[in-house]
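Residue strings, one per chain:
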Amino acid sequence: MQKENKVCNITPADRVGSVQEYYFSKKLKEVAEMNAAGKNVISLGVGSPDLPPSEQTIETLCEHAHNANEHGYQPYVGIPELRKGFADWYQTWYGVELDPKTEIQPLIGSKEGILHISLAFLNPGDGVLVPNPGYPTYSSVSKLVQANLIPYELKEQLGWQPDFEALEKMDLSGVKLMWVNYPNMPTGANASRELFENLVAFGRKHGIIICNDNPYSFILNDQPLSILSVPGAKDICIEMNSMSKAHNMPGWRMAMLASNAQFVQWILKVKSNIDSGQFKPMQHAAVEALKAPKEWYDNMNRTYRSRRDLAGQIMHAIGCTYDENQVGMFLWGKIPAEAEGSEALANKVLYEANVFITPGFIFGSCGERYIRISLCCKNEALQEALNRINNMPM
């Protein structure tokens, strides 16, 4: 008789109890089980681009992968060509001048950067301002590093922008860092020059590092903006940018952050003790992707625009309203007044129409009356999702 294995009487670190398994990690397991049972769920949840990178990007990856000397460990700061590629990209599209030697740090995805920035700047008990609604990783990583979470509300009536009057009334004495994300996810609110000027002024006034997570500025958006374009921003701001969305490279995990040389050096001290660089052929391919002309972004956005039209029809079929001026690769909609809540509505659509949409509550309490639809799904699937929802018992 086989002896039953038992876990030793070990308890995990306290930080493990401070966070929960990521919502999508749990929900996608359920969706997989439904698919295994023949449900054929259409997923409109996760924002993972289904379009490919450019042909030149893929060809460059293959070409360099055949070189025998490009498979070893790489510099923690990335190859010089990649840092220069990011610097040129920022100059071309954002009008921001960055020193590729000292003001840019490549990342294995922006999600990694959230952890490295937090480890570099936050001691246990330090205050960190996190948006509500906002990307859940800002809060979960802050908990993991034992920082003091201070949510700040984003409200529809203020265009999903920080309420600076409310912020000034808060006790900011222990606050070290503030997470912002414009163009915004999940709400689709766009960045503006005035918003970034206000954030820089707020950060400088209170000695709070402003971290702008900026992966969506090329999606359904004609005017990409960087917070670093504001004079003096580099003194107090860090900006992360990702190739996952604008270049259709989510699985490649290619991203970067930019700031002043001192901030970058402190972050590098943390990062260099955690990973060992990125695959060199992928770095060369990323350089090629960063050279994409305006036509590349225009073609991609034509696809997303068509998809958003269908996503809007889905919103209306569910009884939701939304702002037509949203940017990014999601559509954020307000649920009808009679709906119990975002999770209940999302589950109804999942179980009765076999369509997975994201309930807004996962982004914070201010998202409870909203749902989110991903545009990372072909028109045919979006149309089928619309048909299923229209035939759903109400």
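Residue positions are counted from 1 within each chain, in the order its sequence is given. It should be noted that, the model being predicted, local features are given only for residues of pLDDT at least 70 and side-chain atom pairs only at 80 or more, the latter also being counted only at that level, while totals for whole chains, interfaces and linings use all residues. By convention in this description, side-chain values take in all heavy atoms of the structure and omit both hydrogens and water.

- You'll find the protein entered in an unreviewed UniProt entry as Aminotransferase, with Parabacteroides segnis given as the organism.
- UniProt positions are given in the numbering used here, feature names are shortened, and annotations may be inferred rather than shown by experiment. Entered under Sequence similarities (unreviewed entry) in the UniProt record, the comment concerning the protein runs "Belongs to the class-I pyridoxal-phosphate-dependent aminotransferase family."
- Here is the UniProt Cofactor (unreviewed entry) comment for the protein, exactly as written: "pyridoxal 5'-phosphate".

### Comments concerning the sheet that holds strand 2 (residues 104-107)
Here's step 1: One requirement defines pairing of two strands: DSSP has to find at least two bridges between them. Helix and strand assignments follow DSSP, with helices taken as H or I runs no shorter than four residues and strands as E runs no shorter than two, numbered in order from the N terminus. Overall, mixed pairing links the seven strands, which are arranged 2-8-7-6-5-3-4 in an open sheet. In this open sheet, the two strands that pair with only one neighbour each are strand 2 and strand 4 (148-153). Going across the sheet, the axis of each strand differs from the next one's by a mean of 20 degrees, ignoring polarity.
Here's step 2: Relative to strand 8 (residues 255-258), strand 7 (residues 237-242) runs antiparallel, the two sharing four bridges. Residue pairing across strands places serine 242 opposite alanine 255, the latter belonging to strand 8. Note on geometry: axes are C-alpha line fits, over the in-contact stretch for helices, and angles between N-to-C directions span 0 to 180 degrees.

### Side note on helix 14 (residues 379-390)
Here's step 1: Expected span of a helix, by definition, is 1.5 Å for each gap between consecutive residues, and there is one gap fewer than residues. Between the first and last C-alpha of helix 14 there are 16 Å, a value that for twelve residues agrees with the 16 Å anticipated at 1.5 Å per step.
Here's step 2: Of the positions making up helix 14, those classed as buried are Leu382, Ala385, Leu386, Arg388 and Ile389. An end-on view of helix 14 places all buried positions within 165 degrees of arc, on one side of the element. In this structure, helix 14 carries Glu380 and Asn390 as exposed residues pointing more than 90 degrees from its buried face. Burial classification: accessible surface area is computed with a 1.4 Å probe over protein chains only, and a residue below 20% of its type maximum counts as buried, one above 50% as exposed, and the rest as partly exposed. The arc in question is traced by the directions running from the helix axis to the C-beta atoms.

### Some remarks on the layout of surface pockets
Here's step 1: Cavity and pocket criteria rest on a 1 Å grid covering protein atoms alone: a 1.4 Å probe that fits but cannot get out defines a cavity, protein on both sides within 12 Å along at least 5 of 7 lines defines an open pocket, and an atom within 4 Å of a point defines a lining residue. Grid points are joined across faces, edges and corners, and a volume is the space filled by probe spheres set on the points. The computed volume of the largest pocket comes to approximately 690 Å³.
Here's step 2: As for the largest pocket, its lining consists of 28 residues, of which Gln20, Pro136, Ser140, Lys143 and Ile362 are closest to the centre.
Here's step 3: Of all the secondary-structure elements, those providing two or more residues to the lining of the largest pocket are helix 2 (23-36), strand 3 (127-132), helix 6 (136-144) and strand 4.
Here's step 4: Residues are grouped as follows: Ala, Val, Leu, Ile, Met, Phe, Trp, Tyr, Cys and Pro are nonpolar; Asp, Glu, Lys and Arg are charged; every other residue, Gly included, is polar. For the lining of the largest pocket, the per-class residue count stands at 15 nonpolar, nine polar and four charged.
Here's step 5: Its boundaries defined by the atoms lining it, the second largest pocket holds a volume of some 510 Å³.

### A few points about empty space enclosed by the protein
Here's step 1: The final tally for this structure, using the stated rule, is two cavities of 30 Å³ or more.
Here's step 2: Taken as a whole, the largest cavity encloses approximately 40 Å³ of empty space.
Here's step 3: Looking at the largest cavity, the residues that line it are Pro75, Tyr76, Val77, Gly78, Pro106, Ile108, Lys271, Asp275, Gly277, Gln278 and Gln283.
Here's step 4: Considering only residue class, the lining of the largest cavity consists of five nonpolar, four polar and two charged.
Here's step 5: By volume, the second largest cavity amounts to about 40 Å³.
Here's step 6: Forming the walls of the second largest cavity are Asn184, Met185, Pro186, Gly188, Tyr216, Val327, Gly328, Met329 and Phe330.

### Digging into helix 10 (residues 261-271)
Here's step 1: Taken together, the buried positions of helix 10 are Phe263, Val264, Ile267, Leu268, Val270 and Lys271. Along helix 10, the residues classed as buried sweep out an arc of 155 degrees about the axis, all on the same side.
Here's step 2: Residue contacts follow a heavy-atom distance rule, with two residues in contact if any of their heavy atoms lie within 4.5 Å. Contacts made by the buried residues of helix 10 are with strand 2, helix 5 (110-121), strand 6 (209-213), strand 7 and strand 8.
Here's step 3: Any pair of N or O atoms that falls within 3.5 Å is considered a polar contact. Within protein, one atom must be able to donate a hydrogen and the other to accept it, and sequence-neighbouring residues count only if both atoms are side-chain atoms. The backbone nitrogen of glutamine 262 has a side-chain oxygen 3.1 Å away, supplied by the residue at the start of helix 10, namely asparagine 260.

### Quick word on the pairing of strand 3
Here's step 1: Here strand 3 lies mainly inside the structure; six of its six residues are buried.
Here's step 2: Burial along strand 3 is two-sided: Gly127, Leu129 and Pro131 facing one way and Val128, Val130 and Asn132 facing the other are all buried.
Here's step 3: As paired strands, strand 3 and strand 4 are joined by six bridges and run parallel to one another. Bridging across to strand 4, leucine 129 finds its partner in isoleucine 150.
Here's step 4: A crossover counts as right-handed when, viewed with the strands pointing away from the observer, the path leading from the first strand over the helix to the second turns clockwise. Read from strand 3 through helix 6 to strand 4, the crossover connection turns out right-handed.
Here's step 5: With three bridges joining them, strand 3 and strand 5 (residues 175-180) adopt parallel strand pairing. Counted as the bridge partner of glycine 127 is valine 175 from strand 5.

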